[in-house]
Every structure is written in C-alpha cells, then in structure tokens.
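Inside the fold
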Amino acid sequence: AEVRAVQHFSSRLFLRAIVQRSHEERFSGSGSRAVGLRSQLLASYRVNAQTAALLGYGDERDADRELTTGGVNEMEPLSIGRRTFFAKVSYLFHL
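It should be emphasised that the depicted structure is a prediction, and the values quoted were computed from it without experimental measurement. (Residues numbered from 1 in each chain as written. Predicted model: local features only at pLDDT ≥ 70, side-chain atom pairs only at ≥ 80, totals over all residues. Heavy atoms only, no water.)

**A closer look at the overall build of the protein chain**
Which entries qualify depends on this criterion: Numbering of helices and strands starts at the N terminus; helices are DSSP runs of H or I of at least 4 residues and strands are runs of E of at least 2. Residue contacts are counted whenever heavy atoms from the two residues lie within 4.5 Å of one another. For every accessible area listed, the method is Shrake-Rupley and the probe measures 1.4 Å; residues are considered covered only by the protein chains on display.
A count of helical and extended segments in the protein chain gives zero helices and six strands. Across the protein chain, the fraction of contacts at a sequence separation of at least 24, relative to all contacts at a separation of at least 6, is 41%. With an accessible surface of roughly 7,200 Å², the protein chain has 56% of that area assigned to carbon and sulfur atoms.

This is how it looks when you write it as structure tokens:
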C-alpha cells in the first residue's frame, strides 16, 4: 500500500511525502510475517528553469511478528533500519 501527498506552494516550491507499507509472509516451519514501513520527504525549490535545490529524507522501518499456535499475532515495535538524508543543487553554467 502507498500514500502520496504533494503540495505546490508556488510555481517554484513544492513538497512531496510518500509512505509505503509492505507485508511479507514467510512460511519456513514456524510461519512468520514481516511488516515494513518506508517514508520519503522531498522539498524542491527552483530559482529558474535551469537552477534548482532539493532536500530529501527517507527511512525504512521493519518488524517481524510471529504467529503463535493459538492464532494470536504478536507484533514487535517497528525499528528504524536505514535513514538517508540528501541535498542537491543543480545549476546551469553558460560558457
């Protein structure tokens, strides 16, 4: 499942957020499930058509939950596995 939100504050500035949820079932004898949550934020500012600045953030969170014999799901808290920050500046030089 995925949720996206984009907000254009002006023709030069926008903000985008994406949240993705993943669900994986592994049946290796004990029968377990893995749940993942990924989020991304991106901010972009364009000075003109050739010049832009971008800032971004992303993270991945994962949790395993085991199925008990009584059929009750026990979920452990989501733990952050990886975080990413980035910045990019793009400028067109005229020679």
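**Some words on the pattern of salt bridges**
Stated formally: For this analysis, a salt bridge means a side-chain nitrogen from Lys or Arg found within 4 Å of a carboxyl oxygen belonging to Asp or Glu. The cut-offs for exposure are 20% and 50% of the maximum accessible area for each residue type, with area from a 1.4 Å probe on protein chains only; residues under the lower value are buried, those over the upper are exposed, and the others partly exposed.
For the coordinates displayed, the defined rule picks out five salt bridges. With a shortest N-O distance of 4.0 Å, Glu 60 and Arg 38 are connected by a salt bridge. Here the residue Glu 60 occupies a position in strand S4 (residues 52-67), and Arg 38 occupies one in strand S3 (residues 32-46), the gap between them amounting to 22 residues. Judged by relative accessible area, which is 22%, Glu 60 ranks as partly exposed. When the shortest N-O distance is used, the salt bridge between Arg 82 and Glu 60 registers 2.8 Å. You can see Arg 82 sitting in strand S6 (residues 79-90) and its partner Glu 60 sitting in strand S4, a full 22 residues away along the chain.

**Observations regarding the side chain of Thr 51**
Here Thr 51 is to be found in the loop between S3 and S4. When sequence neighbours within four positions are dropped, the list of residues in contact with Thr 51 reads Tyr 45, Arg 46, Ser 90, Tyr 91 and Leu 92.

**Some points on a nonpolar patch on the surface**
The cut-off we apply is this: Patch rule: a residue counts if its relative accessible area is over 30% and it has no salt bridge; like charges are joined within 9 Å, and nonpolar side chains (Val, Leu, Ile, Met, Phe, Trp, Tyr) within 5 Å.
Where nonpolar side chains cluster on the molecular surface, the patch consists of Phe 9, Leu 13, Leu 15, Tyr 45 and Val 47 and spans about 430 Å² of accessible area. Following the sequence through the fold, Tyr 45 ends up in strand S3.

**Brief notes about the confidence of the model for the protein chain**
Keep this limit in mind: Per residue, pLDDT measures the predictor's confidence, with a range of 0 to 100.
Of the residues in the protein chain, 77% reach a pLDDT of 70 or more, and the chain-wide mean stands at 82. Mean pLDDT across the elements of the protein chain ranges from a minimum in strand S5 (residues 73-75), with 60, to a maximum in strand S1 (residues 2-8), with 95.

**A few points about the side chain of Asp 59**
Which entries qualify depends on this criterion: Here a polar contact means two N or O atoms within 3.5 Å. Within protein one must be a hydrogen donor candidate and the other an acceptor candidate, and residues neighboring in sequence count only if both atoms are side-chain atoms.
In this structure, Asp 59 sits in strand S4. Polar side-chain contacts of Asp 59 include one of 2.6 Å to the side chain of Ser 39. A polar atom in the side chain of Asp 59 sits 2.9 Å from the side chain of Tyr 57. Beyond its immediate stretch of four places on either side in the chain, Asp 59 contacts Leu 37, Arg 38, Ser 39, Arg 82 and Arg 83.

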